[in-house]
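Coordinates in review
In case you want the letters, here they are:
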Amino acid sequence: MPDPRPHPDRTSEICVVGAGYVGLTAAACFAALGHHVRCVENDAQRLSSLHEGVIPIFEPGLDALVAEGVEAGRLLFTSDIAEAVCGADAAFLCVGTPPRDDGHPDLRQLANAANQVAAAATGDLVVAVKSTVPPGTCEAMQILSDEAAQPGVRISVASNPEFLRESQAVDDFFHPDRVVVGADDDRTRAAIASLYPSEWPMLRCDRRSAELIKYASNTFLALKISFANEIAGLCEQVGAEALSVLAGVGMDQRIGSSFLAHGPGFGGSCLTKDVSGLVATAEALAFPTPVAQAVLDVNTWARNRVVDKLTALLGPLAGKKIAVLGLAFKAGTDDVRDSPAVTIVERLVAQGATVTTFDPVADPEPLRRLRRAGVFDAAERAEAVVIATAWPEFALIDPKRLVSVMAGSVVLDTVGVLDPAAAAGAGLEVVAPGRSTPETYHAVMVPPLEWALDAALR
Ligand SMILES: NC(=O)c1ccc[n+]([C@@H]2O[C@H](COP(=O)([O-])OP(=O)(O)OC[C@H]3O[C@@H](n4cnc5c(N)ncnc54)[C@H](O)[C@@H]3O)[C@@H](O)[C@H]2O)c1
């Protein structure tokens with residue numbers, strides 16, 4: 001069958017540093033585009049699993065694509081940076097930039113990788129930073145690379161931020177909304193652009209702009225979630241339905257429904273880190289970013305509210321048995337980095353609750369002793385169940401069976417997957433954020449309404 005994917009005009013030799021969610025996806029997808037890719041990974045366990053053909057992360061479609069690339073001889077994995085860089089036209093740095101306590105990202109992995117690549121290069125090389133970094137980082141990496149490179153070797157550092165979403169990373173790579181290429185000269189921009197099919201939407205700019213596009217995009221996505229949570233809280237007070245309100249708002253094409261969803265707050269390895277990174281960057285320049293700061297504050301409120309709601313429903317949680325369904329930061333991934341579900345579990349444990357958990361895929365080592373084999377094992381004798389990740393299988397939970405194994409009947413559905421009518425019919429008391437309860441509902445409306453009534457009746 002002919003390959004329906006668009007292809008770049010020519011094939012190149014590519015080195016990818018880091019085989020995590022971004023690096024492994026980029027390596028397999030570049031190989032599928034016809035390039036020859038050598039992917040360097042310095043975690044011995046990750047590398048040996050890749051050599052055995054086992055994908056160390058859960059990402060739909062990635063295992064087949066990696067197998068296809070390896071079999072075609074266009075994709076190999078190594079720990080040897082010199083082997084990976086030798087003869088490469090471009091090197092992509094896809095290493096972690098985890099958050100520090102002060103909000104800035106920790107750039108040590110990136111500096112190491114840039115240093116290693118530059119030192120190993122035997123000819124001129126374009127180095128593209130796919131990791132998410134604050135503006136100015138590529139310039140710093142340029143200085144570092146210039147110092148590390150062998151005499152006569154020219155390294156050109158560029159920014160090529162990655163926008164993939166975990167759980168649909170492969171699809172996102174092949175159908176990008178845009179590919180952003182930031183460099184300080186046309187030749188470098190053209191070299192990176194030529195690695196992608198020419199049909200794909202491409203934005204060419206300078207390095208700092210490219211770096212900031214990524215930070216600003218993630219801040220805006222997080223803003224939509226925090227906004228949705230704030231409106232959902234207001235819905236509870238005024239007796240409106242958050243699902244309807246947000247659907248109605250999102251149908252406006254100027255706004256859009258994507259990411260306009262309420263729940264237990266945003267999480268994952270990127271959003272909190274990148275909004276914090278943007279705020280920290282601005283703070284370092286004494287430039288106020290109150291909108292971005294509010295995004296973080298509302299997110300903390302949204303997360304804390306889940307356990308607060310449970311306390312309001314059950315009283316003090318010490319000694320109570322609570323089941324938490326879902327640990328991944330969203331459905332379709334095993335990633336628990338900065339997961340709201342994990343925060344909920346930790347807060348419940350800290351308050352003395354007896355917690356059991358179940359997630360279809362995620363199985364983080366620190367919480368393993370709390371994990372049960374399935375939904376009903378976790379819910380056994382629970383006084384309340386919290387649904388913390390929107391796995392589609394949770395929508396299929398039989399409410400009659402659930403209520404029969406639980407000791408209580410409260411289900412706090414933070415992600416709105418259950419059918420409230422069916423659950424209520426089975427005897428479950430479903431509480432979902434964004435729907436008012438007798439405790440939050442205000443029968444008498446706000447002052448302007450009283451004023452209008454007064455005026456009308458006078
Ligand atoms: N995960 C996402 O959804 C996503 C999306 C867009 C952008 N990003 C950004 O991309 C970057 C990578 O994210 P990730 O989730 O893939 O991280 P990750 O931690 O899953 O993967 C990074 C990998 O790089 C390896 N590594 C680090 N230094 C190395 C070196 N010198 N040589 C070889 N291997 C090395 C690590 O062992 C690890 O396997 C981050 O900056 C992140 O913010 C992530």
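To be clear, the structure that these remarks concern was listed above.
It should be emphasised that the depicted structure is a prediction, and the values quoted were computed from it without experimental measurement.

**Looking at the overall build of the protein**
The secondary structure content of the protein amounts to 18 helices and 13 strands. What you see for the protein is a C-alpha radius of gyration of 25 Å, in line with the 23 Å of a compact globule of 458 residues. Taking the principal axes of its C-alpha atoms as reference, the protein extends roughly 85 × 55 × 45 Å. Counting all 458 residues of the protein, 51% fall into the buried class. Expressed as a percentage of contacts within the protein between residues at least 6 apart in sequence, the contacts between residues at least 24 apart total 72%. Split by element, the accessible area of the protein, about 20,900 Å² in all, is 56% carbon and sulfur. Of the side-chain charges in the protein, 37 are positive and 57 negative, and the distance between the mean point of each set is 2 Å.

**Focus on the site of the ligand**
Close to the ligand lie 27 residues; Val 22, Glu 41, Thr 97, Glu 166 and Lys 273 are nearest. Within the backbone of Val 22, a nitrogen or oxygen atom sits 2.9 Å from an oxygen atom of the ligand. Asn 42 is positioned with one of its backbone polar atoms (N or O) 3.2 Å from a nitrogen atom of the ligand. For the ligand, whose accessible area on its own is 830 Å², the fraction buried by protein is 91%. Breaking the shell around the ligand down by element, the ones donating at least two residues are α1 (21-32) and α5 (108-120). Here the shell around the ligand is composed, by residue class, of 9 nonpolar, 10 polar and 8 charged.

**Comments concerning the environment of His 35**
Mapped onto the secondary structure, His 35 falls in the loop between α1 and β2 (36-40). Distance from His 35 to Asn 160, taken between C-alpha atoms, is 17 Å for residues 125 residues apart in sequence. Setting aside its immediate chain neighbours within four residues, His 35 contacts Pro 8, Arg 10, Thr 11, Ser 12, Ile 14, Phe 30, Arg 74 and Leu 195.

**Description of the environment of Asn 299**
Relative to the assigned elements, Asn 299 resides in helix α12 (residues 290-314). In this structure the C-alpha to C-alpha distance between Asn 299 and Gly 267, which are 32 residues apart in sequence, comes to 9.0 Å. When near neighbours in sequence (up to four residues on either side) are disregarded, Asn 299 contacts Ser 226, Gly 265, Phe 266 and Thr 272.

**Comments concerning helix α10 (residues 242-250)**
Here α10 has its buried residues at Ala 242, Leu 246 and Gly 250. Taken end-on, α10 shows its buried residues confined to a sector of 60 degrees, consistent with a single buried face. Buried positions along α10 lie against α9 (207-238).

The rules behind the values
Residues numbered from 1 in each chain as written. Predicted model: local features only at pLDDT ≥ 70, side-chain atom pairs only at ≥ 80, totals over all residues. Heavy atoms only, no water. Helix = DSSP H or I, 4+ residues; strand = E, 2+ residues; numbered from the N terminus. Rg over C-alpha atoms; globule rule 2.2 N^0.38 Å. Buried < 20%, exposed > 50% of the residue type's maximum accessible area, 1.4 Å probe, protein only. Contact = heavy atoms within 4.5 Å. Areas by Shrake-Rupley, 256 points an atom, 1.4 Å probe, with all protein chains shown as cover. Lys, Arg positive; Asp, Glu negative; His and termini not counted. Charge placed at Lys NZ, Arg CZ, Asp CG, Glu CD. Near = heavy atom within 4 Å. Polar contact = N/O pair within 3.5 Å; in protein donor to acceptor, adjacent residues only side chain to side chain. Nonpolar A, V, L, I, M, F, W, Y, C, P; charged D, E, K, R; others polar. Arc of directions from axis to C-beta.

Take it as geometry only, folks, not as evidence of what the structure does.
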